[in-house]
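So the chains spell out like this:
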Amino acid sequence: MGGEEPDGVFLGIDLGGSQLKAARFSPEGAREAAENTASQASGDAEDIFSALYAHAAALIGGSHLLGIGVGVAGLIDSGSGRILNSPNIPALSGFPLRDRVREAFGGEIPVLMMNDANAAALGEYFAGAGKSCSSMFLLTLGTGIGGGFVIDGNLWTGAAGVGAEAGHMCVRADGPLCRCGARGCLEACVSGWALMRDADQIAKRDPESAIAGMSPRTPLALAELATAGDRQARTLWENAGAMLGTGIANLMNLLNPDCIVLTGGLGEAGALLLKPARRAWESQAFKETRASTSVKPGVLGEWAGVRGAIQPFLGK
Ligand SMILES: [Zn+2]
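If you're wondering where the values come from, they're calculated on a predicted model, not measured in any experiment.

Re the overall build of the protein chain
Scanning the protein chain from N- to C-terminus turns up eleven helices and twelve strands. Projecting the C-alpha coordinates of the protein chain onto the three principal axes gives extents of approximately 65 × 45 × 35 Å. Looking at the protein chain residue by residue over its 316 residues, the buried ones come to 45%. The contacts in the protein chain between residues at least 6 apart in sequence include a share of 63% that link residues at least 24 apart.

Encoded structure:
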């Protein structure tokens, strides 16, 4: 490459159930420009793809493109680049996203695709809260619950590439039905959708309650209500926190990673969620595992996934 040619850029994309995030990075992985928009998850696959392409092309502009990394909410077949199953963006199930992105950018650019929680895990491990850890488990606490496990710089994705799905480990065998069809998954007890399901039930049962009067009915509004002292709202967070703590205790005892990093919107509830969670993991995890596994918040926030999606291009 001649001295006057530009070094080029990487593009990271994070396609989630509610938001489409994209960012342009330097060859060293520094974020140069970023965009965040609604992901139009209720539209058809072509609409979602068109929006993704338009934002990506605008960010790249005239720069020389070195590679594209895409994190997507759902189970990914890393061999074919197809989305096997995406409960939060149903239209994308079966969609050959990797090939379509590659074709749209001329067919020559390397395109990598991975699950969005795995992408966020790589982002926090290499550029965020996990920088000093050799093993790190990331839990994304949002509308759903995602998991990603990094050991010595490598993602652990299991025999079929769909492992580390911590949101679907069972924390209560007789618990509520999950979107995956099983009962008592962590996600069915703690996630944004699970909290809203419980809030809706209270609103129906008790139309005079403060929860019934909540508008809009969101986890953030539920957290404000709890902070203001509403007993029903506090109980919902107490129960969710206790289940989260059980999930964290399981991860501590099973893997004893250097750190467990918590990221995602539910983290904004702070002590409402973390106090009961800590109480649970301190009573359920071995003393030795909880003493050696730290639990900490992510530092990249909503940009962990776009940063992690390009990490494989940068190496360890
Ligand atoms: Zn499940």
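Regarding the pairing of strand 7 (residues 111-115)
Consecutive side chains along a regular strand alternate between the two faces of the sheet. Across the five residues of strand 7, five count as buried, placing the element largely inside the fold. Note that strand 4 (residues 65-72) and strand 7 share five bridges and pair parallel. When the sheet's bridge partners are listed, Ile-68 is paired in strand 7 with Val-111.

What to know about the domain arrangement of the protein chain
When cut into domains, the protein chain gives domain 1 (9-120 + 303-314) and domain 2 (132-298). Placing a centre on the C-alpha atoms of domain 1 and another on those of domain 2 gives a separation of 26 Å. With four residues, helix 3 (residues 116-127) is the largest single contributor of residues to the side of domain 1 that touches domain 2. Tallied by class, residues from the side of domain 1 that touches domain 2 come to five nonpolar, five polar and one charged.

Notes on helix 6 (residues 219-227)
Along helix 6, the residues that are buried comprise Pro-219, Leu-222, Ala-223, Leu-225 and Ala-226. In a view along the axis of helix 6, the buried residues occupy a sector of 160°, so they form one face of it. Against the buried residues of helix 6 lie helix 5 (192-205), helix 7 (231-255) and helix 8 (271-284). A positive backbone phi angle near 105° is found at Gly-229, which sits one or two residues after helix 6.

Side note on the sheet that holds strand 9 (residues 145-151)
Taken together, the five strands give an open sheet; going across it, the order is 10-9-8-11-12, and neighbouring strands pair in mixed fashion. Strands with a single pairing partner mark the edges of an open sheet, and in this sheet they are strand 10 (154-155) and strand 12 (294-297). Bridge count between strand 11 (residues 259-263) and strand 12: four bridges; the pairing is parallel. Note on strand 12: the bridge partner recorded for Leu-262 is Pro-297. Sitting on the sheet, helix 3 touches strand 8 (135-141), strand 9, strand 10 and strand 11, and the angle it makes with strand 9 is about 45°.

Brief notes about unusual backbone geometry
Here the amide bond leading from Ser-215 into Pro-216 is cis, since omega sits at 0°, within 30 degrees of zero. With respect to the helices and strands, Pro-216 occurs in the loop between helix 5 and helix 6. Although it is not a glycine, Ala-164 sits at a positive phi angle of roughly 65°. Of note in the backbone geometry, Asn-256 takes a positive phi value of approximately 45° without being a glycine. Structurally, Asn-256 can be placed in the loop between helix 7 and strand 11.

So, the nonpolar core
Ranked by internal contacts, the top residues of the largest apolar core, which has 92 residues, are Leu-11, Ile-13, Val-70, Ala-121, Met-136 and Ala-240. The residue makeup of this core includes at least three contributed by each of domain 1 (9-120 + 303-314) and domain 2 (132-298). Ala-240 has contacts with Cys-189, Val-190, Leu-195 and Leu-273, leaving out every residue within four places of it along the chain.

How each quantity is defined
Once a new chain begins, its residue numbering starts again from 1 and follows that chain's sequence as written. Where local features are concerned, this predicted model is filtered to residues with pLDDT of at least 70; where side-chain atom pairs are given and counted, the filter is 80 or more; whole-chain, interface and lining totals use all residues. In this description a helix means any DSSP run of H or I spanning at least four residues, a strand means any run of E spanning at least two, and both kinds are numbered starting from the N terminus. Exposure criterion: with C-beta atoms placed from backbone coordinates, a residue whose C-beta has 20 or more other C-beta atoms within 10 Å is buried, one with 12 or fewer is exposed, and one in between is partly exposed. Note on contacts: residues are paired as contacts if their backbone-placed C-beta atoms lie within 7 Å. A pair of strands is considered paired only if DSSP assigns at least 2 bridges between the two. Just so you know, the domain bounds were taken from an automatic or database domain assignment. Lys, Arg, Asp and Glu make up the charged group, whereas Ala, Val, Leu, Ile, Met, Phe, Trp, Tyr, Cys and Pro make up the nonpolar group; the residues left over, Gly among them, are polar. Directions pointing from the helix axis toward each C-beta atom define the arc. To get an axis, fit a line to the C-alpha atoms, keeping to the stretch in contact for a helix; angles then go from 0 to 180 degrees between the N-to-C directions. Nonpolar cores are built from buried Ala, Val, Leu, Ile, Met, Phe, Trp, Tyr and Cys residues. These are joined into a set through C-beta atoms within 7 Å.

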